[in-house]
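Notes for the structure review
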There are 2 protein chains.
Amino acid sequence: MVEISRRRAIEDVASDLFREHGYAGTSIRDIARALSVQGASLYAHVSSKEDVLWAIVDRAATRFERAADAAEADAEAQRPGDPAEALAALVRAHVGVLTADVDAAGVFVHEWRSLDPAHREAILSRRDAYEVRFRRRVEDGIAVGAFGMTDPAIATSTLLSAVNGVAGWYDPNGRLPAARIADHLVDLSVRMLSNA
Amino acid sequence: MVEISRRRAIEDVASDLFREHGYAGTSIRDIARALSVQGASLYAHVSSKEDVLWAIVDRAATRFERAADAAEADAEAQRPGDPAEALAALVRAHVGVLTADVDAAGVFVHEWRSLDPAHREAILSRRDAYEVRFRRRVEDGIAVGAFGMTDPAIATSTLLSAVNGVAGWYDPNGRLPAARIADHLVDLSVRMLSNA
DNA sequence: CCTACCGATCGGTAGG
DNA sequence: CCTACCGATCGGTAGG
C-alpha cells in the first residue's frame, strides 16, 4: 500500500499496535519507533494519543454504518420486505468491513472503553443505533415466521458477538479468503435464528 | 461476600479494574486505592502486578476446565454418545462459569495478551485444548447427522465467540437470571449448528 | 500496612 | 522531524 499521508500512516501503525497491546499498553514512542521517528515528532501530525484512537474508531464506525446502509438498500431492492435476506446482507457487509481492515475493526470492537468520555458516549450511541438495525430485522423475521421464536435482544447481541469474533482469528493469509468466511458467517447467523 | 483473605480481595478488586480499564490501563495504585491502602502495601501480598493477572486468569481457566469436565461426564452418563447433548452441556457449563464471576471471566477472555510470555504460552495451549473439546462435539455431531454440514473450525470459533459475548453484556441485576441466559445460549448454539 | 524513595517511562511542549 | 526537556506517574524496593 502506497503511503497517502503521514497522518494516515500513523493511524495504520497505531491500529496494529493498539490491537496487539491495547491502547493503554501502547506508548506514543512505540508508534513513533515503528515509523522510525522520535516520539515528539508525531505531534506535528496528531494533537494527542487519544486523537489517534478516536480517528481510528470513528473511521471504522463510519465504514460499518455505510456498509450497512448499502447492504440494506441492496437487500430491499432485490427482495423487498424479506427480513432474513436483509439480515444476511447486514452480516455479509459487517464481515466485509471487518476483514478489509482487521486491525482497525479490532480496535473499534475492543478499545472504545479507552476513549475520553465525550467520544466514548458518541461511539456508544452509534453502536446502539447499529445494533438496532440488526435487531429490527431479527424482530421482523420472527414476526413473519422466517425466524424461530427467541429473545430478540439476546439473539442480536449474541449474533453480533459471533460475527465480531472474526476479528479474533481472521488471518488475511489464512486458508480461507474473506468472501468465504463471510459466506460461513451468514450461514451460521441465519441458522442460529431459524427454527430448529 | 465475606473477605476470606487479603490476597483474594486484591484479586477481586483487580478483576473489576482490569475488566473495566484493561491490565495496562490499571495501576497498582488504582488497585490499592480501591482497597484504601497505599500502593506499596500490596507487595506484602503479591510479588508483582503480573502475578495478580496470572492468578485471575489461571483460576478462571481452571474453572472453565472443571466445569467442562463435569458437563461432559454428566452428558455422557445421561445420554451416552449424543454429541448435541454433550455440546449443549458444554455451553451451559461455560455460561455458568462466565456469569458466576463475570469480571474474572472477562479478564480471562480479553487480557491474556498482557501475560508475560511463559504464562501467555501456557494459557494459549489450555485455551486451544478447551476449544478442541467443543470442536470434537461439533465434528461428531456432523458425522452422525445431528448437526448440519459446516466448517467445524469456523463454527466452533464462532460458537465460542458468541458464548463469550455474554461477558460483554451480562448484568447480575439485569432482567434475566443467569440460568435463563444459559438456556438461551444453549438454544442459539444448537440452532446455529443444526440443519436449516 | 506505612513512609520514603528509586530509576524508568509516560504524554506532551518549546524552540528550532 | 530533531534535541532537550517538563511534571506526573509507573512498578517496585528498603526499612520499619
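My aim in this report is to walk through the structure given alongside it, one point at a time. (Residues numbered from 1 in each chain as written. Chains lettered and ligands numbered in written order. Predicted model: local features only at pLDDT ≥ 70, side-chain atom pairs only at ≥ 80, totals over all residues. Heavy atoms only, no water.)

We now examine the protein's contact with DNA strand D. Near DNA strand D, the surroundings consist of 15 residues, among which Gln38(A), Ser41(A), Arg29(B), Tyr43(B) and Lys49(B) are the closest. When the atoms of DNA strand D within 4 Å of the protein are sorted by group, sugar and phosphate make up 55%. At 2.9 Å, a backbone N or O of Ile28(B) approaches a phosphate oxygen of DNA strand D. Backbone polar atom of Lys49(B) to a phosphate oxygen of DNA strand D: 2.8 Å apart, as the coordinates give it. (Near = heavy atom within 4 Å. Polar contact = N/O pair within 3.5 Å; in protein donor to acceptor, adjacent residues only side chain to side chain.)

Residues and elements named next belong to chain B. Look at helix α7 (residues 152–164): 18 Å from first C-alpha to last across 13 residues, which is about the 18 Å you get at 1.5 Å a residue. With ten of 13 residues buried, α7 is to be regarded as a mostly interior element. Ile154, Ala155, Thr156, Ser157, Thr158, Leu159, Leu160, Ser161, Ala162 and Val163 are the residues of α7 that are buried. (Helix = DSSP H or I, 4+ residues; strand = E, 2+ residues; numbered from the N terminus. Expected span 1.5 Å × (residues − 1). Buried < 20%, exposed > 50% of the residue type's maximum accessible area, 1.4 Å probe, protein only.)

Attention now moves to the side chain of Arg133(A). Residue and element names in this part refer to chain A. Within the fold, Arg133 resides in helix α6 (residues 117–143). By relative accessible area, Arg133 is classed as buried at 15%. Polar side-chain contacts of Arg133 include one of 3.4 Å to the backbone oxygen of Ala68. Each residue touching Arg133, except ones within four places of it in the same chain, is listed here: Glu65, Ala68, Asp69, Glu72 and Leu90. (Contact = heavy atoms within 4.5 Å.)

Oppositely charged side chains are able to pair whenever their charged atoms sit close together. For the structure shown, the criterion picks out 36 salt bridges over all chains. Residue Asp151(B) pairs with Arg175(A) through a salt bridge whose shortest N-O separation is 2.8 Å. Here Arg175(A) lies in the loop between α8 (166–169) and α9 (178–193) and Asp151(B) lies in the loop between α6 (117–143) and α7, a pairing that spans two chains. The shortest N-O distance in the salt bridge between Arg137(B) and Glu72(B) comes to 3.0 Å. In this pair, Arg137(B) sits in helix α6 while Glu72(B) sits in helix α3 (residues 49–78), placing the two residues 65 residues apart along the sequence. The same class applies to Arg137(B) as to Glu72(B), namely buried. (Salt bridge = Lys/Arg side-chain N within 4 Å of Asp/Glu carboxyl O.)

Right, let's get into the side chain of Ser161(B). Mapped onto the secondary structure, Ser161(B) falls in helix α7. On the basis of relative accessible area, Ser161(B) is assigned to the buried category, the value being 16%. Discounting residues that sit within four places of it in the chain, Ser161(B) has contacts with Ser161(A), Ala162(A) and Gly165(A).

Residues and elements named next belong to chain A. As a packed pair, helix α7 (residues 152–164) and α9 sit with axes 11 Å apart at the nearest point and diverge in direction by 160°. When the interaxial angle is binned, α7 and α9 end up roughly antiparallel. As α7 packs across α9, the resulting crossing turns out to be right-handed. Two secondary-structure elements touch here, α7 through Ala155, Thr158, Leu159, Ala162 and Val163 and α9 through Leu185, Ser189, Met192 and Leu193. In terms of residue class, the contact of α7 with α9 is made up of seven nonpolar, two polar and no charged. (Axes fitted to C-alpha atoms, helices over the stretch in contact; angles between N-to-C directions. Parallel < 35°, antiparallel > 145°, perpendicular 65-115°, else oblique. Left-handed = near helix turned anticlockwise from the far one by under 90°. Nonpolar A, V, L, I, M, F, W, Y, C, P; charged D, E, K, R; others polar.)

For the rest of this paragraph, the subject is the protein's contact with DNA strand C. DNA strand C sits among 15 residues. The nearest are Ile28(A), Arg29(A), Lys49(A), Gln38(B) and Ser41(B). Within 4 Å of the protein, the contacting atoms of DNA strand C are 56% sugar and phosphate, with bases supplying the remainder. Interatomic distance of 3.3 Å between a side-chain N/O atom of Ser27(A) and a phosphate oxygen of DNA strand C. Contacts to DNA strand C include His45(B), whose side-chain N or O atom sits 3.5 Å from a phosphate oxygen. For the surface near DNA strand C, the per-class residue count stands at six nonpolar, six polar and three charged.

This paragraph deals with the relation of the copies chain A and chain B. Placing chain A over chain B gives an RMSD of 0.0 Å and needs a rotation angle of 180°, together with 0.0 Å of translation along the axis. What we have between these two chains is a two-fold relation. When the interface residues of chain A are mapped onto chain B, 100% of them are again interface residues, pointing to one common binding face. (Least-squares fit on C-alpha atoms with pLDDT ≥ 70 in both.)

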